[in-house]
Structure formats: C-alpha cells, structure tokens
Amino acid sequence: MMKPVMPKSVLVIGSGPIVIGQACEFDYSGVQALKALKEEGIRTILVNNNPATIMTDPDLCDATYLEPIEPWALEAILEKERPEAILPTVGGQTALNAAMVLHQSGALDRFGCHLIGASPQAIRAAEDRDAFKAILARHGMETSRSFVARSVEEGLARVAEVGYPAILRPSFTLGGAGGGIARTEAEFGPLLAYGLALSPSGSVLVEESLIGWKEFELEVIRDRADNVVVICSIENLDPMGVHTGDSVTVAPAQTLSDKEYQWMRDWAKRVIRAVGVDTGGSNIQFALHPQTGRMVVIEMNPRVSRSSALASKATGYPIARVATQLALGYTLDQLPNLITRTTPAAFEPALDYVVVKIPRWSFDKFRETDPTLSTHMKSIGEVMAIGRTFKEALQKALRSVEIGRYGLLDGVPPVPDGNTLKAKLAIPNWERLFYTALAFQHGLCVDEVRDLSGMDPWFLEQMAQLVATENRLRFFSAEACPADLLVQAKEEGFADRRLCKLWDVPEAQVRQRREAMGLRPVYLGVDTCAAEFEAKTPYFYSSYSGTSEGVPLAGKKVVVVGSGPNRVGQGIEFDYCCCQAVFGLKDEGYETIMVNCNPETVSTDFDTAGRLYFEPVTLEDVKAILDRERPDGVVLTFGGQTPLKLARELESLGYPLWGTSPSAIHRAEDRQEFQALCQKLGLNAPPGNTARNLEEAHAKARELGFPLMVRPSYVLGGQGMALLTEEAHLDQYLAQAIEVSEDHPLLLDSFLQDAVEIDVDALCDGRDVVLAGMLEHIEKAGIHSGDSSQVFPPQTLPQDLQARVEDLTRQVALELGVVGMLNLQFAWNREGLFVLEVNPRVSRTVPFLSKARKVPFARLAARLMAGRMLSDLPELKGLAGDRPEGLVFVKASVFPFARLLGEDPVLGPEMKSTGEVMGVAPSFGAAFAKALSGAGVPLPQGGAVFLSVRDQDKEALVPVARGLADLGFALVATRGTRLHLEQRGVPVGAVNKVGEGKPNAADLLKAGTLRLVINTPMGRKSQRDEASIRCQAIALGVPCITTVEGARAALEGIRALKGGRLSVSPLQSWP
Amino acid sequence: MDGILLLDDGTAFSGKGFGHLGTRVGEAVFTTAMVGYQEILTDPSYAGQIVAMTFPHIGNYGVNPQDVESRAPALAGFVVHDVSPAPSSWRAHGSIQDFLRLHGVVGLCGVDTRALARHCRTRGTPKALVSNDGTPLEALKARLAAFQGIDGEDLTARVTAKAPYTFAEGFEGPEGFVAELAPARMPGRAFKVVCLDFGLKENILKNLTARRCQVTVVPAYTPLDEILALGPHGVFLSNGPGNPEMAAAALPAVRGLAERLPTFGICFGHQLLALAFGGKTYKLPFGHRGANHPVKRLETGRVEITSHNHGFSVDGDRLPAGFSATHVNLNDGTLEGMRHESLPVFSVQYHPESSPGPHDSLYLFDDFIAMMEEFHGRRDARR
C-alpha cells in the first residue's frame, strides 16, 4: 500500500483555556494528534496558551507556543515557523474559528500554508447554518424550518414562519453561546438582540421548535478514498431542548430499530460528503419525532468534539488519532485497530455494554444563574460510566459525578406538592433525573412522566424498576436482605454507599456482607468488537454480571487514582498531574494502572497508563480494583480532593499508599492540627476560630473583629467562602442556607488587609526540599487563589522575604514528612508574613510552574514516591535559589460569566474560574497583556474607560487613571471617583450610575464607546447597580477589572501593547 | 422459569426462560449486531442455530410487521442478556416476548452472552442445547450428546419454498428509510429474475423489485430445464443456512444457469456457485455474524461496512477456474466476493441487502441489473 505524501511540518491549533463547552477533551485529542504526527516524522508546531495541558509538554512537540490563539500571534508563528499545513480540527471551535480568520485574512496564502482535516469551504458549509441547511436540502435531507435573522426587525417580521416557541442559535459561537428558546414575542426580541451581539457574523438562526423530539448523535469519520464509518451512536435521555452538553446521554442508541438507525447512518454519510469534510471526523446530530418518526438533521461539527471524545472512550476507537492520520492522507484500511492490533481501523465498533454520560454543573457556585437547562450549555464537566446494562451504567455514573448522591433517590430535595414535582419534570433542570425517580416513588406512571418530560419510556421504565428495587431493599435490614435481592441490587448498579443509607448501617457493614458472600465485581474489556476478536489493549470496566477477564497486571505496579469530573476548583490541572504521575512511575520501571471516570481526559486515553479502569472514583470502586490488582503502591495525591478523600479509609484498610502519609495530610487540613503545626514551627497564621452555632458565630466574630473571612468546613474551591466587612453581613451570610452545627462548624478567620498573596510549590523526599517556584498574586488577598492572576517570578517581593518563604516551606515540608509535592499559600502585609494554607499534595499551580521552568515537577514527585531521592534527579540540579532570567510568566484566569448570564463577575474568596492561560514575555506588562488576550478579554488600545471604585481604592486609582489618560484614553467616572480624580488633577468626564438618569454607563456600553471597565465593588448597598454594569460589560465582551491591582497591571499591559508588536517564542527556546 | 444453555464441552450458561417454553438443540452462534434483532430472528440462514446477541439489551423497540425477513423464524433458540420489559417505539406493534411465543421460539435471557462469545471465539462453534421448560439436566445432557450437529444436515430442504411463487413486494419501513433504498438508476426495462430459494431474506427480493425486476422464487432443487422454461433474464442464488456441501443436489442447476444467464449469488448462493465450478468451501472457526465487518472492494480499493451471517466460507486460495476475487474481508482476509472472468456471473459472501446492517453495498444490485442489460440489451426488444 502506498504511503501518502505528507507535509513536512504541521501547526496544530489548541483550544486555549478551559471554558464551558470546551474542556480537556481537546487536550486529549490534541495529544493524540501530536503523537500521530510525530510517528510520521513530521515537524510539529503547537499553539495553545493553556499551560495545564499535556499537549504543551516540551517533548510532545518540536515547537510549543504558549501564546494566545489570536490572529496576531498565529500570524507571527506562521511567519516564524512556516509550517506547510495547519490542523485546525482537534482544537475545538476555537481552533476552527482561528483557522477561518487566517483563511479570510489571506494569511494562509501569504505564508504558503493550507488547512488539513477540513477545508475552509467545508468549515463554512458546516458552521454557517444557512449554508448548511441549503446544502442538506439540495441533497434531499430535512432540517427544521427556519430563517436567518440579521437584525431584530427582520426577526420580528419573520418569526411567524416558524412559530413559537422559537429556537435561537447564533452563528459561530461556542457551545451554543447566546442561544435560547423564546416562547413569546416579549422573550424573542431581547434574546435575538443578545444573540446578534455574540455572533461573530452578526447572524442568528431562528428555528422551528423541536422541543420534545428524540435527540441522537453519530460520530462519523471519512478518509480521502471516501470510506465513511460511524464510530458510535449516542442517544440523549433529555429530549430536544437541552444542549447536548447538558444532556444525560447513552451510547449506543437504545431505542432505534435497524431501519431507523440505518436511515440515520445513511444521512450521516450523505451529510459528511455533502459538506465536504474529506478527511477526518465529524459529529452529526439528529432529531426524531417520537410519534411520527420524522427525522431532521440538527447540525454537524466538522471536527473532533466533546462527543467524539466520549465516543472514543465509549468504544475504544481513538477518533482524534485516526482523524489526524486520515488528514495526512492515510485511508482507514491502512491503519490498524490499536485495541485488537490484528484488525484494521476500517470498521464500526460493536458494543456489548452500555455507556452513560452525566454532566456536572456548578450551580452551587453560581447562585444567580438560572438553573433551567436549555440550548445554552451550562455544565462544567462530565462523567462517563460503563455497565453491562443501562441500569448499572446509570447508577455508576450517578456516583461518579461526586455530588454526594449515590442513587436516584439519594438526597433528592422533597417537593411541596405534585404540581412542583410536575414542573421539575417538565422544565429541564440538572436534577431532573432525580425528580423522575421521585415521581415514580410518588406513584406517577411511566406514561405520565413521559408526557411531562419527553424522555423515552424505555429509559423511564428502567428507572422505574430501579425505584422498585430500592423500595424492596428498604423493606429489609442489612442482615435480613435476601442474598438474591442483594445480588440483583448490585447487578443493577446499587452502590454500597446507597445500600448502607437505605439500611442505616456503616458502609463497611454492607461491604463485609457482600464480600463474605463472594459478591465482588468482575472486570470486562472494552475491546471495540463485542468479544469477536481478542483485545490486546487492556481497558476495563466493572460489572456485577459476567465473567472476569484478563489477569492482574504482572510485575511491580502502581495504581494512580484520577480526579473525576471537571468542576470549578478541580479541573484539567489535576488530570495533567495524574498523567505526569503515570509517566514518572513508568520512568521508575513500574507498571501503571489508572482509575478515572472523566471521558474528556488524557488520563483515560487507552495508552496513557499501562492499564485503564474506567470506573467511578469512590471508595467501593477503587477498593475493588485494588483487591483485584494488589498493587505495590497506590497514589492518591495527584488528582485533587477526589482521590485524597479516600486516603484515610484506604490506609486503614491496609492498602500501600505512597507519598505523604494521610496523617500528615490530616495535620495540614484539620483546623486545630494545622494551628498546632503553626505553633510548633513558629509560623504566623491569621487569627481564627470555629463556631458551632449561630450565637457562637456572632461572639467569635466580634472577638476577631471585621473584616472577617468565613467559610463552612469541609469544602473545596472556596465553596461558600465569603469576606464580611461588618457584623450585619454575618446574618445575611448565614441566611444563605449556610449550615452551622456541631458536625458542620463555621470557620472564621481574621482577614489580612492589603496583603500580597504568595503561592509556593515544592518537592520533598522526606529529607530534603527543592522549591519548584514561587508565584506572586497580582490581586490582593481575598480573591481565591484559583481566580487571581499570578506572576512568576515574583515582581515586587523583596529578596529577604522570598528567602523566608522558602525557609518556612522547607520547615513545613520536613515537619510533615512530605514525600512528593506540597503547596503553601502565604499572605504578606505590614503586619508580617502569614501562612494561609498548607496542601501536602500537587496543586493547581504545578502545571504552570512546570511549563515556566520546563521541569515536569509532578512527574518527578511521583518518582520521589517510588523511593527516588531529590539528589537522584538531574532535572532539579541548579533549580534551588536560581531565578530564571529574561522572561516573565503571567497566569490569568478564565471565567464563565459570559455563559452564565446574571452572575456578577466580581471576584472573591469563592473560586469561579473554569480555566487559566499563560502569558509569556520579556516584561510583566507584555506578559499580562498576552495573558488577557489569551483569556478572551484583550486589553483595548484606545477608546473610553469607565472608572468607578470604592473609597479605599480611590487614591490607588490616581496613577492608573493618569497613566491611561497619558496613553490617550478618554476617562469617564461616576461622581465620587470623578471628584477624587479631578482633585488630583486628572481630567475625567462625567457619567451617571444606572439609576441616576441618562446617559449612564450602561448606555455608553451599549453604544460601544466604553472599551474598558474598572469597577471595584463598594459593598452590598449599591451592589445590584454595579453588578448590572459588570454583567453587561461581560455580555458585550468588554474587559471588566474589579480590583485596583488588576487595573494597575492592565495599565502596564496596555503600555506594552502600545509600545509595539508583541513577539512570540516557543517553549523550547526559553531559558 | 430458569433455563439453561448447554454446550457440547459441558459448559453451561444459566438464564431465565422467555418466549416459547421448550427445549431445542442446535449450533450456538453469536452475532455482534447491536440493532435489528427482529430481522435476525426471521433470517432463515439461522435455521438450526441457537443465536446469541452480544448486545445486552434486546427487545427495546418491540416488534412490528415490517421488520421481517421471512414468514417465520427458523432458528433453534434465541439467547440474550437482558430482554426489555416494555417496548418503546412509534413503530412497535408488540413485544419480543410475544413474538417468540407466537412463533414457538425458545428464548433464554439473563445469559452472559459476552462469555459465550468469548467461548465460541476460542473454542469454535459448539453444538448446543437451549431449554427453558424445566427438563431435568440429565435428560438435556443425553439429548445434546445424541445431537449430531447441523453440518451434515440438508437445512435447505427445511427452509426452501415448497412451490414456485412470484414476489412483487416493495420496501417497507419508515418513509425516509424507504427513500434511502431507492436505486441510483432505474433500468429501462423490467427483467425477469428467477431466485433459487435456499432460505432467502426478503429484503434481497425487495431490492430486485425496487429495480423493476419481475421475481419468481423457485424451490432450491428445481431442475435446470424447469427454471429455463420460465424464460428468465437473470438468476439469483439466495442466502441460506448450513453447510453448502449438503445442498449438492442444486449444483448442476446452479452451474447450468450460470453458464447460460447473468447470475448473482449472495452468501449460501455464493458458496454454491463456487462449489458448482469446482471450488472449495470450509467451515470458519466461529463464523462471521454482525453488522460491522469491513470488506474491501478490490476494484476500487474502497471499504464497505457490511452485514455478515455465515459459518462457512469459500476458500480464496483455491478459487474455481475462471473466477477471480473481487472482495476481501479486512478483518481476517477471507474471500468476500468473486466474479467470473468471462461469464456474467458474480457473487458475494456478505449481505448487501443488509437488513439488518449498513447500506454500503447496494450497488451490487445495480451491477446485477447492468449485467442483465449488457447481456439482453438496455431496452426491451418487444417494445
């Protein structure tokens, strides 16, 4: 067979920071693509400013640009690298849009570079909904009735063509941003205006409602010889009306007959051909009317997607890898099926199990956001579970999501009456699955629930049966439950945690009874072929029905437990670290085993670890794997809180945990032990106390004085954490459903005013300590470290302070006996240096520092856990005390506010960001400008700036305002801020607050005059007014800065931008 | 009622009975097709076999009058992991449980069909027995021990038409589905095609009638002169169950027809064609059954995803004289299609009519029409 002629060099465009709708699936697909390119000896160039990705690791690429995925940076890279081709189909919508801009601007032609994987024509045909519908109509396929509106007037004039409810879909936006459902004319006008504003092409598709239709997706790939195969079918449990990213989905489709499925498959083939995706993968979505069977095509993505990542994990078929190889010119029959290794990639996987995906939302963090689900995606992450049956897969998925619910009826909030329950079924919301079970519990029948929810009765019947089983189980006690009922419960996926709750006994009691009966899970292979051929690649899932396959891995082996679903506070950084742990353990000669349930990740790629268990990360599921594999070590400290919270129980059960001991972790995490630790080492910690009831809370608060940082105990990512400036706020805070009790004490800390925060990561082998790096926060203390901007190396910290921080870090690490990594957070102000937190595990900042210093710290940490000493690791030589010269690295956070409308974008102690970017440049200003540009809020170089700051910030604002004026910006300010600035000789225009009459700041924003908003929150009274300005700025894509330190950094950034073109440099060339 | 699937090596799989209650012997086979259980149940090629579905949920969308490939199931037993309690489909007329009961098919659910597939894959196709009527184990063992298997049986005689008949039905199913099956090109005339019925799937005939063919189905062992007396323009050799060597009685007619008229064979028909011209067939270790097999069309190099159901294969290394390979299986390299170098004769091992399965290979029916056009002329001479 002829090997195709290949380009010598290829630029891969990544997807940038993690945002809603675009998560680590594009790290997964990018890594597969880069590996496939490398295998061909092609020079690979990558642009992606997300440092927490595996794809940006130095050895995966020849030239890695951690630069913004913006036209200016891409053109600079093209000019420098002159790649022969660009692969734009593995970096999500971001990469596709970026490639289209390069095409339209003529940059591709100018640099003699072409797109592979999808042509500009095909991208346009798929993405421009108007063109797409026309093409489908030409090829005899149906789409929903629709028209394209380019103005609100046009929309209102034509909306009768589709009727209400009408669906709005802005063109070229990510994850359906700006879309929605309008049920009346009053809803239609504003929604259309918003969509028009968000769409880069200023057009919105207005469509006939398909709400309630069954929704399906097919993952299709095509090669240059026009071979087309369907890798996977996916059926949405939630019918049309809920974005597929927010739907519970099932693979393969369960309710289609062969005739319907083949009809869909035929159309899928026709769509990919008609649109002209010549090589690579596409995702095609269909709707099917549940009573008439009419089928319409909804849309296609001419690239790999989140669904294709799911399909890859669900089937074992590496879509991104194969799509890349096809883009290079291979045909499917020339490529092997890497799972069987004996059969080709030209086939369609056959499944003999069921896969369920459940999204993970963060409404608990975004309390202002409307929790109704619609065509506008809101979830942050997802889990996938595999079971022999739908019931088993569903229940495994439920416990994988880690929301503290281990069954369909676990912790479902009671509903006051039948009508409320019916509304919960009829209006899609994240808890609908649970309310469905509740409805069956309340005696509703399958048909009633179907009529309300539109969910297919097949799935509902299965859920009704789960409720029935649960009711039978309730009838017994843990001892009296008949063995066959227990077997049935386990076969249906009931978790030990659920059973123990039903029976009100400790989980261990259920487990002991089960294990005594010999009732343990079996492990089955994901083999792409339903056992027809032998699978060589070990990729397993558990089930309680079947016959176990494969034997425990031979040799010295270590289990790495992953981080579960992405959420605010625990995202791709931890998957990155888990992968690094695997690499480090491989370096030490160990066989590696990964346990995780997040289908988007690199860690769950079949060739990352030596063996993969696609399983929930719960005590029950992890323990069962450890019992089967009997590893030499278990590593829990790389995946964030998810694996860490299993540590004490696994240790007490006698499993060999590697690294820092759970008791040492407890010393750092437990409040009292932590204070004892500080005392012992003579460290300052902010004065704090614990309150177990409301009276105590007030008393302790008064004792400590305000401002005060308060938080419930046992939370992640600063959940429910708040900064209170006066006692009156304490009542408001406690009224927000914050529980204060013996079991859930409230933690109160004196707030350190005007403090600079410092993050430190270090490695320790138990005897010696090496600092990975020190990050200076740009915003003052009070902003969650996951949200604040940070800079490396520190820019304003005196040398002697840095030395002290280093010394304290060393002391803490040795005192705790850390083996691996630890992270410390300090705050420094006039009163001194305080330790805020000690985290004896890898932290969120490790990937950033690893990139900045070009040292894979997490990988080395894993080697320390395997017994290696720091002195054995040449990578660390000369690192201590050494400051890299020449470059400044800025981390900026990325927030979901533009997707979660109504949410005040102000920063505080509760983490809200979904991702991060890195900006690299020789100066701080340029690095900051790059970081913001990469975060999607590029700093303006001219126009008007709106200023409105609280009193204590007014003086600090003066130099910033003066600087902006000197750079040619027009300044407008609200009264108080304006008077202060004028007094200090800075000329400022007047503008009203929103309530004060016209023209106000909102009018200027709408008119497009304002290019930057600097607004620090003034406290609760005027908050609503300010919040509306901030929300509006976010909605219109105007950068909104809410701290005065941020404003200062922005000024430096703007100065750098105006100082000339920013340069780009690959990681491989950094010092 | 508890039931059992017993294999000839003593392996037993337990399950629960559903459908008809009874005991049947047969050859245990598995199919990896994920949808299309009703088409599979009614495919006569499964005669004498106990069919296991590797896909765990079966019965999800019920049964309907359209998704059938023959009047009644011919298989010996039906084994699944989980049978759906209530069907859900706008097309459903009833449940799979009722369908099995109505047609006397012994069903077994709750079976670890993945383990069964792995067993068959490593040990080869076993003789087996399925029982869900409470027959004592010893009696079952004795009955299985006495079972000679199906390779020596002429299953054709069991499933073939008893008398000639004409077939004029068109495609059935959802409107959009039927539209997808429309031929790329409609012939200028209506060809008369005689189909030798070795256990045919009706969707094959529907693909012929969709191309204006006037189809007469004749029993498998109809003599050559009787077939020629019908004055056909072309001959179709159907699929069917069992060992092709057991249908040796059909070989003279098959050869005689192929030497005189455009001839197209599918599956069993393909095997008989090879045997009639001196080729060899052999039994595959565990057969090919599923809807995802890649077949390469050698002429174009393109890959078709195809529907398979065969336990025997034509030996590709010893093709009959005058034939060359046209299609090959990419999974195991077995022969999937052949064509005569001078006669207008070709055949495929797999199922271009799909049902169930992908529609990637419908062009073969167009090729058959084109062959008749070339042989007889594009237009009807009588017009």
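It should be emphasised that the depicted structure is a prediction, and the values quoted were computed from it without experimental measurement. (Residues numbered from 1 in each chain as written. Chains lettered and ligands numbered in written order. Predicted model: local features only at pLDDT ≥ 70, side-chain atom pairs only at ≥ 80, totals over all residues.)

Topic: the nonpolar core
And step 1. One finds Val271, Val560, Val635, Ala762 and Leu763 of chain A to be the most contacted residues of the largest nonpolar core, which totals 471 residues.
And step 2. The residues that make up this core include at least three from each of domain 1 (2-146) and domain 2 (155-376) of chain B.
And step 3. The contacts of Leu763 of chain A, once residues within four sequence positions are left out, are Val770, Ala772, Met821, Phe857, Leu860, Ala861, Leu864 and Leu870 of chain A. (Core = buried A, V, L, I, M, F, W, Y, C linked by C-beta atoms within 7 Å. Buried ≥ 20, exposed ≤ 12 C-beta atoms within 10 Å, placed from the backbone. Domains from an automatic or database assignment. Contact = placed C-beta atoms within 7 Å.)

Structural notes on the environment of Val634 of chain A
All names here are of chain A.
And step 1. For Val634, the location among the structural elements is in strand E22 (residues 633-635).
And step 2. For the pair Val634 and Val560, spaced 74 residues apart in sequence, the C-alpha to C-alpha distance is 6.1 Å.
And step 3. The residues touching Val634, leaving out its near neighbours within four places in the chain, are Val559, Val561, Leu626, Leu650, Tyr655, Pro656, Leu657 and Trp658. (Helix = DSSP H or I, 4+ residues; strand = E, 2+ residues; numbered from the N terminus.)

With respect to helix H24 (residues 662-669) of chain A
And step 1. Among the residues making up H24 of chain A, those that are buried are Pro662, Ala664, Ile665, Arg667 and Ala668 of chain A.
And step 2. For H24 of chain A, the secondary structure elements touched by its buried residues are helix H22 (641-644), helix H23 (647-652), helix H25 (671-681), helix H28 (799-816) and strand E31 (832-839) of chain A.

Quick look at the sheet that holds strand E8 (residues 180-182) of chain A
Hydrogen bonds along the backbone pair up the strands of a sheet, which may run parallel or antiparallel.
All names here are of chain A.
And step 1. Spatially, E6-E9-E7-E8 is the arrangement adopted by the 4 strands of the open sheet, whose pairing is antiparallel. Lying at the two open borders of the sheet, with one neighbouring strand each, are strand E6 (146-149) and E8. On average, each strand axis in the sheet is tilted by 30° relative to the strand beside it, whichever way the strands run.
And step 2. Of the pairings in the sheet, the one linking strand E7 (residues 166-170) to E8 comprises 3 bridges and is antiparallel in character. For Ala166, the partnering residue across the bridge sits in E8 and is Ala182.
And step 3. With respect to the sheet, helix H8 (residues 185-198) is in contact with E6, E7, E8 and strand E9 (204-208), its orientation differing from that of E7 by roughly 15°. (Pairing = 2+ DSSP bridges. Axes fitted to C-alpha atoms, helices over the stretch in contact; angles between N-to-C directions.)

Some thoughts on the interface of chain B and chain A
And step 1. Across the boundary between the two partners, chain B contributes 47 residues, which contact 49 residues of chain A.
And step 2. Listed by contribution, the elements that provide at least two residues to the side of chain B that touches chain A are helix H3 (113-123), helix H6 (175-180), strand E15 (281-297) and strand E16 (302-314) of chain B.
And step 3. By residue number, the principal contributor to the side of chain B that touches chain A is H3 of chain B, which donates 5 residues.
And step 4. Classifying every residue of the side of chain B that touches chain A gives 18 nonpolar, 18 polar and 11 charged. (Nonpolar A, V, L, I, M, F, W, Y, C, P; charged D, E, K, R; others polar.)

Quick word on the packing of helix H5 (residues 120-127) of chain A against helix H6 (residues 129-138) of chain A
Between two packed helices, both the angle of their axes relative to each other and the distance between the axes serve to describe the pair.
All names here are of chain A.
And step 1. Put simply, H5 and H6 touch, their axes get as near as 5 Å, and they point 90° apart. Here H5 is positioned roughly perpendicular relative to H6, judged by the angle of their axes. Residues Arg124, Ala125 and Ala126 of H5 form the contact with H6, whose participating residues are Ala131, Phe132 and Ile135. (Parallel < 35°, antiparallel > 145°, perpendicular 65-115°, else oblique.)

Regarding the sheet that holds strand E24 (residues 708-712) of chain A
Residue and element names in this part refer to chain A.
And step 1. Taken together, 4 strands build an open sheet; the order of strands is E23-E26-E24-E25 and the sheet is antiparallel. Looking at the sheet topology across the chains shown, the edges are occupied by strand E23 (688-691) and strand E25 (722-724). Averaged over all adjacent pairs, the angle separating strand axes in this sheet is 25°, with direction ignored.
And step 2. Sheet topology note: the E24/strand E26 (residues 746-750) ladder contains 5 bridges and is antiparallel. Residue pairing for E26: Pro712 is matched across the bridge by Leu746.
And step 3. Relative to the sheet, helix H26 (residues 694-704) contacts E23, E24 and E26, its axis offset from that of E23 by approximately 170°.

Re the domain arrangement of chain B
Residues and elements named next belong to chain B.
And step 1. Here chain B is partitioned into domain 1 (2-146) and domain 2 (155-376).
And step 2. Distance between the C-alpha centres of domain 1 and domain 2: 27 Å.
And step 3. The interface is formed by 23 residues belonging to domain 1 together with 28 residues belonging to domain 2.
And step 4. Those elements giving two or more residues to the side of domain 1 that touches domain 2 turn out to be strand E3 (23-31), helix H1 (37-41) and H3.
And step 5. Tallied by class, residues from the side of domain 1 that touches domain 2 come to 10 nonpolar, 9 polar and 4 charged.

Regarding helix H9 (residues 258-275) of chain A
An α-helical turn contains 3.6 residues, so any two residues separated by three or four positions project in the same direction.
Residues and elements named next belong to chain A.
And step 1. The end-to-end C-alpha distance of H9, which contains 18 residues, comes to 25 Å, matching closely the 26 Å that a straight helix rising 1.5 Å per residue would cover.
And step 2. Of all 18 residues in H9, 16 are buried; the element is thus mostly enclosed.
And step 3. Directly beyond the C-terminal end of H9, a positive phi value near 90° is found at Gly276. (Expected span 1.5 Å × (residues − 1).)

What to know about the environment of Lys680 of chain A
Residues and elements named next belong to chain A.
And step 1. With respect to the helices, strands and loops of the structure, Lys680 is situated in helix H25.
And step 2. A residue is classified by how many C-beta atoms lie within 10 Å of it, and Lys680, with 10 of them, is exposed.
And step 3. Taking C-alpha positions, Lys680 is 9.5 Å from Glu815, a pair spaced 135 residues apart along the chain.

Points about the pairing of strand E13 (residues 234-237) of chain B
Residue and element names in this part refer to chain B.
And step 1. Burial along E13 is two-sided: the residues Gly234 and Phe236 and Val235 and Leu237 are all buried.
And step 2. In the sheet, strand E11 (residues 192-197) pairs with E13 via 4 bridges, with the strands oriented parallel. Paired with Val194 across the strands is Val235, a residue of E13.
And step 3. Alignment of E13 against strand E14 (residues 263-266), held across 3 bridges, turns out to be parallel. The residue of E14 that forms the bridge with Phe236 is Phe264.
And step 4. Between E13 and its parallel partner E14, the chain crosses via helix H9 (residues 251-260), and the hand of that crossover is right-handed. (Right-handed = clockwise from strand over helix to strand, strands pointing away.)

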